[in-house]
Amino acid sequence: MLQYGGGFVGLIVLILDLIVMFEIFNSTRPIGNWTFAKASAIHGCPKLGWALLIFFFPIIGLVIYFLFSDRHEYNGSQYQALP
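- An unreviewed UniProt entry lists the chain under the name Cardiolipin synthase N-terminal domain-containing protein, from Bifiguratus adelaidae.
- Here is the UniProt Subcellular location (unreviewed entry) comment for the chain, exactly as written: "Cell membrane".

Below is the structure:
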């Protein structure tokens, strides 16, 4: 019999993923048009790139997003980034 043991940790990861997706889609980042003009390519990552990273790699994507996304730069005064 097939069993899935996602449990409490899986629920927490799902909730964090949904919060991050909401933050990404409400930010002022461009939707597409990936630019490599900055020193680090990940800083120029558009909404679609961050969303795909979070979707395909939920836990590692969250860590990369929180460390390298420049959330304060792309979230206007109407929305405060999560701490």
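There's plenty left to go through after this.
## A short note on the packing of helix H1 (residues 7-25) against helix H3 (residues 58-68)
Thought 1: Packing of H1 against H3 leaves a shortest axis separation of 10 Å and a crossing angle of 45°. As the angle between them shows, H1 and H3 are arranged oblique. Classified by chirality, the crossing of H3 by H1 is left-handed. Between H1 and H3, the contacting residues are Val13, Leu16, Asp17, Val20, Glu23 and Ile24 on the first element and Pro58, Ile59, Leu62, Tyr65 and Phe66 on the second.
Thought 2: When grouped by side-chain class, the residues that make up the contact of H1 with H3 number nine nonpolar, no polar and two charged.

## Some thoughts on the UniProt feature "transmembrane region" (unreviewed entry) in the chain
Thought 1: Using the residue numbers shown here, the UniProt feature "transmembrane region" (unreviewed entry) corresponds to residues 6-27 and 48-68.
Thought 2: Split by type, residues 6-27 is 86% helix and 0% strand. Its first and last C-alpha atoms lie 30 Å apart.
Thought 3: End C-alpha atoms of residues 48-68 are separated by 16 Å, and the span's content is 95% helix alongside 0% strand.

## Looking at H3
Thought 1: Among the residues of H3, Gly61, Leu62 and Tyr65 are the ones counted as buried. Within H3, the buried residues cover an arc of 105° as seen down the axis, which keeps them to one side. Exposed and facing more than 90 degrees away from the buried side of H3 are Ile59, Ile60 and Leu67.
Thought 2: Remark: Asp70 follows H3 within two positions and exhibits a positive phi of approximately 55°.

## Examining the nonpolar core
For soluble globular proteins, nonpolar side chains are generally found buried alongside one another.
Thought 1: If you look at the biggest cluster of nonpolar residues, it comprises eight residues: Val20, Met21, Ile24, Trp50, Ala51, Ile54, Leu62 and Tyr65.
Thought 2: Among the elements of the structure, H1, helix H2 (47-56) and H3 are those that each provide at least two residues to this core.
Thought 3: Setting aside chain neighbours within four positions, we find Leu62 in contact with Val13, Leu16, Asp17, Val20, Ile54 and Phe57.

## Comments concerning the packing of aromatic side chains
Thought 1: Counting across every chain of the model gives three aromatic pairs.
Thought 2: Ring geometry for Phe55 and Phe56: centres 5.1 Å apart, planes at 80°, overall edge-to-face.
Thought 3: A centroid spacing of 5.7 Å and a plane angle of 70° characterise the contact between Tyr65 and Phe66, whose relative ring orientation is edge-to-face.
Thought 4: Classification of Tyr65 by relative accessible area gives buried; the value is 1%.
Thought 5: By relative accessible area, which is 33% here, Phe66 ends up partly exposed.
Thought 6: An aromatic cluster is defined as three or more aromatic residues linked by ring pairs; in this entry it consists of Trp50, Tyr65 and Phe66.

Here is what the cut-offs are and how they apply
Residues numbered from 1 in each chain as written. Predicted model: local features only at pLDDT ≥ 70, side-chain atom pairs only at ≥ 80, totals over all residues. Heavy atoms only, no water. UniProt positions renumbered as here; feature names shortened; annotations may be inferred. Axes fitted to C-alpha atoms, helices over the stretch in contact; angles between N-to-C directions. Helix = DSSP H or I, 4+ residues; strand = E, 2+ residues; numbered from the N terminus. Parallel < 35°, antiparallel > 145°, perpendicular 65-115°, else oblique. Left-handed = near helix turned anticlockwise from the far one by under 90°. Contact = heavy atoms within 4.5 Å. Nonpolar A, V, L, I, M, F, W, Y, C, P; charged D, E, K, R; others polar. Buried < 20%, exposed > 50% of the residue type's maximum accessible area, 1.4 Å probe, protein only. Arc of directions from axis to C-beta. Core = buried A, V, L, I, M, F, W, Y, C linked by side-chain atoms within 4.5 Å. Phe/Tyr/Trp six-rings, centres within 6.5 Å; stacked < 30°, edge-to-face > 60°.

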